[in-house]
Amino acid sequence: LSGSELRTPNSELSCAVVVASFRPDQLIDQCVQSLLAQEGVANVQIVVVDSSADGTAERLRRDFPTIDVIGLTQQTHQSIARNIGIAHTQAPFIAITDQDCLVPPDWLARLLARHQEDNYAVVGGSIGNGTPESVVGTASYLIEFNEFLPADSSHLVPMVPHCNVCFRREAFSTVGPFVAMPPGAEDQVYNFLLSQKGQRILFDPTIVVTHQNRTDFSAFLRHQRLLGFGSAIARRTVAIPGQLFVHH
């Protein structure tokens, strides 16, 4: 995806939503159902980019005929899958969430309302704990999202998680597409690049999506290692806080 491949904004589409998917089981069904239940926003395009190559894309097309499903033939980095999805859209605003997230019915309406208040490149929200009954799930949630807990005051930030975010389309023309990075790195690197270009990121913690965390201890450990590796790569790529840890 290059800047020239981004389609011209179409005013008839108020917002598009892109979800990258890989072997999601039933999590993606719950995510899509919550997206289809959006209220207060007309002409929403939902794009799922699935790289499972196991029949998931075909099943989603059958079960959810009103969404766009792009099937890839091999596992693809989340950042690249998102780029492919964005290139498939024309809307002036592009929201992103993940296959393991549930969004409330007013999610898009509230994100777009904040965009209309000022010329923000990005509006993001907080993350709620979808596994409060699980010790492992709650530990995973607090480690990964402790900086983005639900609260009641909005402010400009250098970083928001890309599972609850809405971009103004022009942001991609300013910085370019998402950078190919491992999990745990793509959000941090892209937010840094936006900030370096003077693009403003608004964090509204009252806009909450619910994250379905890993509750199996082995899966939790594997995921934490993956995120740690991604964080190290991010800090080797751009000058975000934590350089000391990378060098030592």
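The structure under discussion appears in the preceding block.
Residues numbered from 1 in each chain as written. Predicted model: local features only at pLDDT ≥ 70, side-chain atom pairs only at ≥ 80, totals over all residues. Heavy atoms only, no water.

**Notes on the overall build of the chain**
Along the chain, the regular secondary structure elements total nine helices and nine strands. By the burial criterion, 50% of the 248 residues in the chain qualify as buried. Excluding contacts between residues fewer than 6 apart, the proportion of contacts in the chain whose partners are at least 24 apart in sequence is 77%. Taken as a whole, the chain presents about 11,500 Å² of accessible surface, with 53% of it coming from carbon and sulfur. (Helix = DSSP H or I, 4+ residues; strand = E, 2+ residues; numbered from the N terminus. Buried < 20%, exposed > 50% of the residue type's maximum accessible area, 1.4 Å probe, protein only. Contact = heavy atoms within 4.5 Å. Areas by Shrake-Rupley, 256 points an atom, 1.4 Å probe, with all protein chains shown as cover.)

**Examining unusual backbone geometry**
Here R23, not a glycine, exhibits a phi torsion of approximately 40°, which is positive. Tracing the backbone through its elements, the reader meets R23 in the loop between β1 (15–21) and α1 (27–36). One non-glycine residue, N43, lies in positive phi territory at about 55°. With respect to the element layout, N43 can be found in the loop between α1 and β2 (44–50).

**So, the environment of R61**
If you trace the backbone, R61 turns up in helix α2 (residues 56–63). For the pair R61 and G71, spaced ten residues apart in the sequence, the C-alpha separation amounts to 9.8 Å. For R61, the residues in contact, after removing those within four places along its chain, are V69, I70 and G71.

**Some thoughts on the side chain of E186**
Looking at the element boundaries, E186 is found in helix α7 (residues 186–196). The charged side chain of E186 is buried without a salt bridge, its nearest counter-charge being R82 at 4.8 Å. (Lys, Arg positive; Asp, Glu negative; His and termini not counted. Salt bridge = Lys/Arg side-chain N within 4 Å of Asp/Glu carboxyl O.)

**Points about the packing of aromatic side chains**
One pass over the full model with this rule turns up eight aromatic pairs. On the basis of an interplanar angle of 80° and a centroid distance of 5.8 Å, the ring pair of F148 and F203 is categorised as edge-to-face. Taken together, the residues F148 in the loop between α5 (135–145) and β7 (155–156) and F203 in strand β9 (residues 201–211) connect sequence positions 55 residues apart. Per residue, the accessibility class of F148 equals that of F203, and both read buried. Plain terms: the ring middles of F172 and F178 are 5.5 Å apart, the flat faces sit at 85° to each other, and that makes the pair edge-to-face. Both residues of the pair, F172 and F178, belong to the buried class. Each member of the aromatic cluster is reached from another via a ring pair, and the members are F167, F172, F178 and Y190. (Phe/Tyr/Trp six-rings, centres within 6.5 Å; stacked < 30°, edge-to-face > 60°.)

**Examining the pairing of strand β4 (residues 93–98)**
Where burial is concerned, most of β4 is hidden: six out of the six residues are buried. Residues of β4 alternate between two faces, with F93, A95 and T97 on one and I94, I96 and D98 on the opposite face, all of them buried. Pairing of β1 with β4 involves five bridges; the strand directions are parallel. Bridge pairing in β4 links A16 to I94. The sheet contact formed by β4 and strand β8 (residues 164–168) spans five bridges and is antiparallel. Its bridge partner lying in β8, I94 is registered against F167. (Pairing = 2+ DSSP bridges.)

**Side note on the pattern of salt bridges**
Scanning all chains against the criterion turns up eight salt bridges. Between E117 and R114 there is a salt bridge; the shortest N-O distance is 2.9 Å. Of this pair, E117 and R114 both sit in helix α4 (residues 107–117), separated by three residues, roughly a single helical turn. You can call R114 buried: its relative accessible area is 17%. Note that R114 and D204 form a salt bridge whose closest N and O atoms lie 2.7 Å from each other. Here R114 is found in helix α4, whereas its partner D204 is found in strand β9, with 90 residues between them in sequence. A single salt-bridge network, built from bridges that share partners, covers D29, R59, R62 and D63.

**What to know about the pairing of β9**
Most of β9 sits out of view: eight of its eleven residues are buried. Sheet topology places strand β5 (residues 101–102) next to β9; two bridges connect them, and they run antiparallel. Residue pairing in the sheet places C101 in a bridge with H211 of β9. Two strands pair when backbone bridges link them, and strand β6 (residues 122–129) and β9 are joined in this way by eight bridges, in the parallel orientation. Bridging from a neighbouring strand, G128 pairs with T210 of β9. With two bridges connecting them, β7 and β9 associate as antiparallel partners. Paired with L156 across the two strands is L202, which belongs to β9.

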